[in-house]
Amino acid sequence: MQVTQAERDGWAVVTVAGEMDLISSPAVRQKVHEAVADGQRSVVLDLAGVRFCDSSGVGVLIGARRLMRSCAGRLRIVLPEGGSPGAVGDAHVNRVLAALGVRRLFEVFPDLDAAVDDQARPLSA
């Protein structure tokens with residue numbers, strides 16, 4: 001798994017590629033915590049490159065949501081709609097979130113451009 005962090009239009013963007021599982025998920029948690037520790041209150045988790053996510057990965061997403069809410073921050077998630085070019089794991093991650101009943105907890109956007117646009121509307125759950 002690869003986890004990188006950058007800034008775009010005032011948002012901290014944490015990009016994740018590969019698998020979010022028990023071994024790799026702590027790296028995502030760490031990047032979100034680092035962004036908040038650096039004073040960032042707007043975070044995008046770009047999960048377009050995630051091909052597998054287990055319950056520990058979902059736990060990290062829920063923890064990130066809780067952290068951002070506790071500091072009056074904003075969390076957005078990028079999950080491309082099915083059939084999008086480069087949409088590696090969108091169907092899998094969406095299915096996992098929906099199966100666990102937590103998809104509706106997140107503001108999900110089809111791409112990074114929409115996620116960092118304050119005028120964009122999230123996808124419906």
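Calculation criteria
- Residues numbered from 1 in each chain as written.
- Predicted model: local features only at pLDDT ≥ 70, side-chain atom pairs only at ≥ 80, totals over all residues.
- Heavy atoms only, no water.
- Core = buried A, V, L, I, M, F, W, Y, C linked by side-chain atoms within 4.5 Å.
- Buried < 20%, exposed > 50% of the residue type's maximum accessible area, 1.4 Å probe, protein only.
- Helix = DSSP H or I, 4+ residues; strand = E, 2+ residues; numbered from the N terminus.
- Contact = heavy atoms within 4.5 Å.
- Pairing = 2+ DSSP bridges.
- Axes fitted to C-alpha atoms, helices over the stretch in contact; angles between N-to-C directions.

A. Molecular detail of the nonpolar core. Met20, Leu45, Leu47, Leu61, Ile77, Leu97 and Phe106 are the most contacted members of the largest nonpolar core, which has 30 residues in total. Of all elements in the fold, only β2 (11-20), α1 (25-37), β3 (42-53), α2 (55-70), β4 (74-78) and α3 (90-99) reach the threshold of two or more residues within this core. The greatest single-element share of this core, amounting to six residues, is contributed by α2. For Leu97, the contacting residues outside a window of four places in its chain are Val58, Leu61, Leu79, Val102, Arg103 and Phe106. If you look at the next biggest cluster of nonpolar residues, it comprises eleven residues, including Val13, Val44, Leu112 and Ala120.

B. Examining the sheet that holds strand β1 (residues 2-8) more closely. Pairing within the open sheet is mixed, and its five strands lie in the order β1-β2-β3-β4-β5. Looking at strand neighbours, the two that pair on one side only are β1 and β5 (107-109), the edges of this open sheet. With strand direction ignored, the average angle separating the axes of adjacent strands in the sheet is 25°. Of the pairings in the sheet, the one linking β1 to β2 comprises seven bridges and is antiparallel in character. Among the inter-strand pairings, Gln2 is bridged to a residue of β2, identified as Ala17. Packing against the sheet, α1 makes contact with β1, β2 and β3, and its axis sits at approximately 20° to β1. Along the sheet, α2 contacts β2, β3 and β4; its crossing angle with β3, the most-contacted strand, is approximately 175°.

C. Examining unusual backbone geometry more closely. Unlike most non-glycine residues, Asp9 shows phi in positive territory, near 50°. The phi torsion at Ala72 lies on the positive side, around 55°, for a residue other than glycine. Of note, Ala72 is situated in the loop between α2 and β4. Using a relative accessible area of 71% as the deciding quantity, one classes Ala72 as exposed.

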